[in-house]
Amino acid sequence: MVEISDPIVLALAATGNRSPWKHLRGVSMCLFLFIFPSFMAYKLSHFFDMDFWLLIMVSSCLLTSLQVLGTFFIYSLFMVELFQDGGVERMDEIIYGVNAVSRVLEFLVALCVVAYGTWESMFGEWSWIGVSVIIVHSYVNVWLRAQSGWSSFLLRREAAHKIGALPRASEEQLRAHNDLCSICFQ
């Protein structure tokens, strides 16, 4: 549901859609996807003793809430920009930072699940299923996330370097050609 609601909510804010009903539906879905998994994680951890399988369930709930929190923060930034005359300075970098922090926290949660599962397999109850889940979880949620995050960082750094190498037009040049920025129109 997060993967469905995320692009819809962000598109509402980014495109400047002024329909209150659409915003209400999108924001209420985000609130539900934040509150319900958090409540479920609390109840699960409160009523049951923590073990590897419960940790997987709780971490999944927390990851959902974390993803929605990032989406809601970006949505709020877009809405502030929509109602503010000058826009938000360095919006792209702020959004990249929010997404990066969200991904790092997701990575750390996945790393904690692997660490706890490994610990439990070595010193607690060992099973083929548990070890198989740890191996798959390590590959999919730790290794692939780390690779993706590092690739994203390198691409972002390269793009920033290339953009930084472009010449900047002075105010006089812009006035002389009666020109403006094709992105921000300023």
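Above this text sits the structure in question.
Treat the numbers as computed from the prediction; the structure is a model and nothing was measured.

### Thoughts on helix α4 (residues 91-123)
Reasoning step 1: Spanning 33 residues, α4 covers 48 Å between terminal C-alpha atoms, matching the ideal 48 Å at 1.5 Å per step.
Reasoning step 2: All of the buried residues along α4 are Met 91, Ile 95, Val 98, Ser 102, Glu 106, Ala 110, Val 113, Val 114, Gly 117, Glu 120 and Ser 121.
Reasoning step 3: Taken together, the buried residues of α4 touch α3 (52-83) and α5 (128-165).

### As for the packing of aromatic side chains
Reasoning step 1: Evaluated as defined, the whole model comprises five aromatic pairs.
Reasoning step 2: Pairing Phe 32 with Phe 36 gives two aromatic rings, centres 5.4 Å apart and planes at 10°, and the pair type is stacked. Note that Phe 32 and Phe 36 are positioned in helix α2 (residues 20-47) at a spacing of four residues, about one turn of the helix.
Reasoning step 3: On the accessibility criterion, Phe 32 (43% relative accessible area) is partly exposed.

### A closer look at the side chain of Ser 121
Reasoning step 1: Within the secondary structure layout, Ser 121 lies in helix α4.
Reasoning step 2: On the basis of relative accessible area, Ser 121 is assigned to the buried category, the value being 12%.

### Observations regarding the nonpolar core
As a rule of thumb, soluble globular proteins bury nonpolar side chains together.
Reasoning step 1: Core analysis: the biggest nonpolar cluster contains 17 residues, and Ile 74, Tyr 75, Phe 78 and Met 91 have the highest contact counts within it.
Reasoning step 2: If you list the elements that add at least two residues to this core, you get α1 (2-14), α2, α3 and α4.
Reasoning step 3: With six residues, α3 is the largest single contributor of residues to this core.
Reasoning step 4: If we ignore the near neighbours within four places in the chain, the residues touching Phe 78 are Leu 10, Ala 13, Ala 14, Met 91 and Ile 95.
Reasoning step 5: Leu 55, Val 113, Ile 134 and Val 142 belong to the second-largest nonpolar core, a separate cluster that totals seven residues.

Cut-offs applied
Residues numbered from 1 in each chain as written. Predicted model: local features only at pLDDT ≥ 70, side-chain atom pairs only at ≥ 80, totals over all residues. Heavy atoms only, no water. Helix = DSSP H or I, 4+ residues; strand = E, 2+ residues; numbered from the N terminus. Expected span 1.5 Å × (residues − 1). Buried < 20%, exposed > 50% of the residue type's maximum accessible area, 1.4 Å probe, protein only. Contact = heavy atoms within 4.5 Å. Phe/Tyr/Trp six-rings, centres within 6.5 Å; stacked < 30°, edge-to-face > 60°. Core = buried A, V, L, I, M, F, W, Y, C linked by side-chain atoms within 4.5 Å.

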